[in-house]
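Each chain, written out:
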Amino acid sequence: MKNIIFLLFLLLIGCKPDGFVREDGLEVFTVHELEAHLKTLASDEFMGRLPFSEGERKTINYLQNKFRETGLEPGNGSSYLQEVPMAEITATPEPAMIVKAPGKTLTLEGLKDYVIWTERTEDKIELKEADLVFAGFGIVAPEYNWNDFAGTNVKDKVIVVLVNDPGFGSNDSTLFKGNTMTYYGRWTYKFEEAARQGAKGVLIIHDDVPAGYGFWVVQNNWNAPRLFLDERGKDIYHCAAVGWLAQAAAKRLFEAAGMDWAQSVSEARKPGFKARPMNVKISTSMTVQVRYDKSHNVIGKITGSKAPDEYIIYSTHWDHLGIGKPDAEGDSIYNGALDNASGTAGLLALAKAFKSMKAKPHRTLVFLAVTAEEQGLWGSEYYVQNPIYPKEKTVANINMDGINPYGKMNDIVVVGMGQSELEDYLREEATAAGRYLSPEPNPVAGYYFRSDHFCFAKAGIPALYTNTGIDHVERGKDYGKQLQDDYVARYYHKPSDEYDTARWNLGGAVEDLKLLFNTGKRLAFENTWPRWKTGSEFKAIRESYVPPAQ
Ligand SMILES: [Zn+2]
């Protein structure tokens, strides 16, 4: 009798014994639901949601109120907030760098020939006749059996490195990942590795194609204030000087050192390359100003019914660029509607959908809106360095940075296709919805390393990051591709990134969010632990603390 009642109960709530019901909660995702949040977060009143500003205060209040209304539990003890202490560092370099080579002295001009800054907080940074070492790509990658520093001590030296990784432009898809950028190709990696090696400084030689952007992008940040985490009281080593060399200046440097440029680059691309001293010394300095302040991550949760100490974290960044340089129309508010009021609206809708489900998720769902993504993924980096939920108990991260504003697409793009098994979960949901997964259209640009999920990945936590597809249901792929190119050219990081009912069609976002919802929902009812796939840069670190099940 009891069994019959149980079965009737299951029939009544339309639920399989494992609890996962694909339709449960889906009705929450509507254009109307997303639009209300988007209109508010992207309004001029929210002033572009800059960390530390009045815009931050308004944004985090809005999010806390919505979390509360939705019935989310506070995600950080009794609070919905996690403080993120930060340091804003402004380095003012002297105008030139003196280079002493055997029998020769040359002067490199700041801004034109190089751009440098510091991650250190002392008042003055000085490089006094610092030795230069050419360190190839500056990479230590055990899974590719590659170590540019093997047998060379670069402690207290300034290393000069090439941008990207040896695979790029090699026509060899087995050398690193060929033209697909690995994390070893990113400038952030090169700064981190230089610090691990104890180098005094690191200069990356710029090159438009493998960098993915022109030297002017680097020059735009000359003398600019930069945000970092506040590391007072911690003993963390950073290089004294980091930055970029224009390629023409690098060639002059190599010539002064008596090194053949083309030959050096070609040797650096080959396995077994060894870093080599250039027999050149550089001198320059910077004065440094630091301002400390606190920003906030906003975090809520739904405690799981059966495995409350296992976590699935949805993340998105609430911040954007604030008020800045006016555009041609005189608009100076960088509303960041797509980037990333839209992802934040998506997070609120996901939370509401999980709360509305008839079946209660077994694992705990965490909803994390992070700060300071635009200045260097700092909110997510802080969370991962100071995790509220242990990383060995965190099953997965699903991140949103921009949701589809273009209407329904047949496909959804997986950024970093092939990284983790999470994409197999997503594929199953996409297939069930009559849709399919596409790889990112521009894998050279390394987008997998450029939003908040990457901080989770670096810590080993499997992380899924999707993007808008291009296969437009009504108008096809060319149209879909054109919309994305248009966004990059006309709206990305500009005051024109506004919510506009005439231009936007959230029907596609609704469908994409349903897939992300069902992917997380599946995980919330299962006891599986998705893994990184073979060849992923992040597999070894995960398996160092979560060994794969036999
Ligand atoms: Zn963004």
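A short tour of the structure in this document, coming up.

### So, the overall build of the chain
Link 1 in the chain: Within the chain, the regular secondary structure consists of 15 helices and 21 strands.
Link 2 in the chain: Over its C-alpha trace the chain gives a radius of gyration of 25 Å, about what one expects of a compact globule, namely 24 Å for 550 residues.
Link 3 in the chain: Dimensions of the chain, computed from C-alpha atoms along their principal axes, come out at roughly 95 × 55 × 50 Å.
Link 4 in the chain: With 550 residues in all, the chain has 57% of them scored as buried.
Link 5 in the chain: Long-range contacts, defined here as pairs at least 24 residues apart, represent 82% of the contacts in the chain between residues at least 6 apart.

### Looking at the pattern of salt bridges
Link 1 in the chain: Within the structure shown, the criterion is met by 34 salt bridges.
Link 2 in the chain: Lysine 177 is the partner of glutamate 537 in a salt bridge, and the nearest nitrogen-oxygen pair spans 3.5 Å. Placement of the pair is glutamate 537 in the loop between helix H14 (507-525) and helix H15 (539-545) and lysine 177 in the loop between strand E9 (158-162) and helix H4 (187-196), with a sequence separation of 360 residues.
Link 3 in the chain: Between glutamate 423 and arginine 427 there is a salt bridge, and its shortest N-O distance comes to 4.0 Å. Taken together, the residues glutamate 423 and arginine 427, both in helix H11 (residues 422-432) and 4 residues apart, mark about one turn of the helix.
Link 4 in the chain: Judged by its relative accessible area of 5%, glutamate 423 is buried.
Link 5 in the chain: Here the residues in one salt-bridge network are Arg22, Glu428, Glu429, Arg522 and Glu526, joined through shared partners.

### A closer look at the layout of surface pockets
Summary: where empty space remains is shown by rolling a probe the size of a single water molecule over the atoms.
Link 1 in the chain: For the second largest pocket, the calculated volume is near 290 Å³.
Link 2 in the chain: Taken together, 17 residues form the lining of the second largest pocket, with Pro405, Tyr406, Tyr479, Leu483 and Arg503 sitting closest to its centre.
Link 3 in the chain: By residue number, the principal contributor to the lining of the second largest pocket is helix H13 (residues 476-490), which donates 4 residues.
Link 4 in the chain: Looking at the lining of the second largest pocket residue by residue, the classes come out as 9 nonpolar, 3 polar and 5 charged.

Parameters at a glance
- Residues numbered from 1 in each chain as written.
- Predicted model: local features only at pLDDT ≥ 70, side-chain atom pairs only at ≥ 80, totals over all residues.
- Heavy atoms only, no water.
- Helix = DSSP H or I, 4+ residues; strand = E, 2+ residues; numbered from the N terminus.
- Rg over C-alpha atoms; globule rule 2.2 N^0.38 Å.
- Buried < 20%, exposed > 50% of the residue type's maximum accessible area, 1.4 Å probe, protein only.
- Contact = heavy atoms within 4.5 Å.
- Salt bridge = Lys/Arg side-chain N within 4 Å of Asp/Glu carboxyl O.
- 1 Å grid on protein atoms, 1.4 Å probe; cavity = no way out; pocket = protein on both sides within 12 Å on 5 of 7 lines; lining within 4 Å.
- Points joined across faces, edges and corners; volume = space filled by probe spheres on them.
- Nonpolar A, V, L, I, M, F, W, Y, C, P; charged D, E, K, R; others polar.

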